[in-house]
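Chain residues, written in single-letter form:
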Amino acid sequence: MQAPLRHLIDIKDLSVSEIGALLSRADGILARPGDYADACHRKKLATLFYEPSTRTRLSFEAAMLELGGAVLGFSSQDSSSASKGESVADTIRVVSGYADVIAMRHPKEGAPIVAARHANVPVINAGDGGHNHPTQTLTDLLTIQQSFGRLSKLTVGLCGDLKFGRTVHSLISAMVRYPDVRFVLISPPELKCPDYVMAQIQRSGVAWEESRQMEEVMDQLDILYMTRVQRERFFNEADYVRLKDSFILDVPKLARAKPEMIVMHPLPRVNEIQAKVDENPHARYFEQAVFGKYVRMALILFLLGLEKEGEAA
Ligand code: CP
């Protein structure tokens, strides 16, 4: 009997034990990439990106190529028939006939749910508007696991645009499921977490607090997760200009950080982390971007029901 089709639309589509298995698999791939070189032989990944991307699209493509598979797709709405008015539902029905797995980024929140309803291959949400970004969360969890050897007993400062920052929403959704996690939410009032994210924090019973200054909480943090103010989600430019430089991390601000504290950022970065921080031992964001490829390799294998070297699970 064929296994039921799995999609990854929301990080909660994965159980804690499935996330653990994906991170272990990513770790195994990192250690022995050659073992996986043909695991997706004759399989195809379609990347349907209706919004710009560097890391997510290219790491998905690199992941599939390193698994011995092939990639096809488009990198903007303008270069697809969406520009002629084609619906997501129709595009997905068609691409399901061309590819074995689809990674889709779309500016509309919920578009990947529509895609999953019309697909007969696994659909991966590669970011939907200001809502969710579950594969960034897998990347983030792998980075945390590699740094601390655990996903529990951590104080996580989330700083910047917590309103439109989809990576923050998905990371919170994931981390509320681990014991003794505490959040410090650092944002201007206009960019606080949406109510549905706060409701999730409150339902889960995890400890949290708010702060307006990263300096005042720096010494408490195990992780400082910086985010860009998401210009593309603002309704007017004046608000963006007023808020864009609300938080700028520089080397002096790290003086009070615990020695093991790590600075993460999903990237792209604009002004919120000064370039001099890149060389600081706390900085982990470029390593984080590299982990994205390995965890996406693990995810592709999982959704295709493949164990290493093409064995069916
Ligand atoms: N982190 C992330 O989603 O980056 P891209 O927008 O470049 O894919």
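Bear in mind the structure is a predicted one, so any value in this text is a computation, not a measurement.

A. Spotlight on the overall build of the protein chain. Looking only at helices and strands, the protein chain has 10 helices and nine strands in total. A globule of 313 residues ought to have a C-alpha radius of gyration of about 20 Å, and the protein chain, at 19 Å, matches this closely. For the protein chain, the C-alpha atoms occupy an extent of roughly 55 × 45 × 40 Å along the three principal directions. Within the protein chain, the fraction of its 313 residues that count as buried is 55%. Looking at the protein chain alone, contacts between residues at least 24 apart form 74% of all its contacts between residues at least 6 apart. Carbon and sulfur atoms make up 51% of the accessible area of the protein chain, which totals about 13,500 Å². Separation between the mean location of the 37 positive side-chain charges and that of the 39 negative ones in the protein chain comes to 2 Å.

B. Just the pattern of salt bridges, in detail. According to the stated counting rule, one finds 16 salt bridges in the structure shown. The shortest N-O distance in the salt bridge between R57 and E61 comes to 3.4 Å. Residue R57 and its partner E61 are both found in helix α2 (residues 55-66); the two are separated by four residues, about one turn of the helix. For E61, a relative accessible area of 15% gives the class buried. For R228, the salt bridge is made with E232, and the minimal N-O distance between the two is 2.8 Å.

C. Representation of the packing of aromatic side chains within the structure. For the coordinates displayed, the defined rule picks out two aromatic pairs. Considering the side-chain rings of Y50 and F74, the 5.2 Å spacing of their centres and the 90 degrees angle between planes classify their relative orientation as edge-to-face. You can see Y50 sitting in the loop between β1 (44-49) and α2 and its partner F74 sitting in strand β2 (residues 70-74), a full 24 residues away along the chain. Among the residues examined, Y50 registers a relative accessible area of 6% and is labelled buried. You can call F74 buried: its relative accessible area is 14%. Between the NZ or CZ atom of R296 and the centre of the ring of F60, over which it lies, the distance is 5.1 Å.

D. Geometry of the site of the ligand. Neighbouring residues of the ligand: S53, T54, R55, T56, R105, H133, Q136, P266 and L267. With respect to the ligand, the backbone of T54 contributes an N or O atom lying 2.8 Å from an oxygen atom. Within the side chain of H133, an N or O atom sits 2.8 Å from an oxygen atom of the ligand. For the ligand, whose accessible area on its own is 250 Å², the fraction buried by protein is 91%.

E. Just unusual backbone geometry, in detail. Of note, the amide linkage connecting L267 to P268 takes the cis form, showing an omega dihedral of 5 degrees. Tracing the backbone through its elements, the reader meets P268 in the loop between β9 (262-264) and α10 (285-303). Positive phi is not limited to glycine here, since L267 has a value of about 60 degrees. With respect to the element layout, L267 can be found in the loop between β9 and α10.

F. How the structure looks around the pairing of strand β3 (residues 101-106). Most of β3 sits inside the fold, with six of its six residues counted as buried. The pairing of β1 with β3 spans five bridges and is parallel. When the sheet's bridge partners are listed, F49 is paired in β3 with R105. Pairing between β3 and strand β4 (residues 123-128): four bridges, direction parallel. Residue pairing in the sheet places I102 in a bridge with V123 of β4.

G. View of helix α3 (residues 88-95). Within α3, the full set of buried residues consists of V88, A89, T91, I92 and V95. Viewed along the axis of α3, the buried residues span an arc of 165 degrees, placing them on a single side of the element.

H. Up close: the nonpolar core. Membership of the largest hydrophobic core comes to 61 residues, with the highest contact counts inside it found for L158, I172 and F183. No other element matches the nine residues that α10 contributes to this core. Here this core spans two domains, since at least three of its residues come from each of domain 1 (11-129 + 290-303) and domain 2 (134-282). Discounting chain neighbours no more than four positions away, the residues touching I172 are L158, F183, L185, C193, V197 and I201. M218, M226, V277 and A283 belong to the second-largest nonpolar core, a separate cluster that totals 20 residues.

I. The sheet that holds β1, seen in detail. Spatially, four strands are ordered β2-β1-β3-β4 in an open sheet, and the strand pairing comes out parallel. Of all strands in the sheet, those bounded by a partner on one side alone are β2 and β4. Adjacent strand axes in the sheet meet at a mean angle of 15 degrees, parallel and antiparallel pairs treated alike. Sheet strands touched by α2: β1, β2, β3 and β4. Its angle to β1, the strand with the most contacts, is close to 175 degrees.

Calculation rules
Residues numbered from 1 in each chain as written. Predicted model: local features only at pLDDT ≥ 70, side-chain atom pairs only at ≥ 80, totals over all residues. Heavy atoms only, no water. Helix = DSSP H or I, 4+ residues; strand = E, 2+ residues; numbered from the N terminus. Rg over C-alpha atoms; globule rule 2.2 N^0.38 Å. Buried < 20%, exposed > 50% of the residue type's maximum accessible area, 1.4 Å probe, protein only. Contact = heavy atoms within 4.5 Å. Areas by Shrake-Rupley, 256 points an atom, 1.4 Å probe, with all protein chains shown as cover. Lys, Arg positive; Asp, Glu negative; His and termini not counted. Charge placed at Lys NZ, Arg CZ, Asp CG, Glu CD. Salt bridge = Lys/Arg side-chain N within 4 Å of Asp/Glu carboxyl O. Phe/Tyr/Trp six-rings, centres within 6.5 Å; stacked < 30°, edge-to-face > 60°. Lys NZ or Arg CZ within 6 Å of the ring centre and 35° of its normal. Near = heavy atom within 4 Å. Polar contact = N/O pair within 3.5 Å; in protein donor to acceptor, adjacent residues only side chain to side chain. Pairing = 2+ DSSP bridges. Arc of directions from axis to C-beta. Core = buried A, V, L, I, M, F, W, Y, C linked by side-chain atoms within 4.5 Å. Domains from an automatic or database assignment. Axes fitted to C-alpha atoms, helices over the stretch in contact; angles between N-to-C directions.

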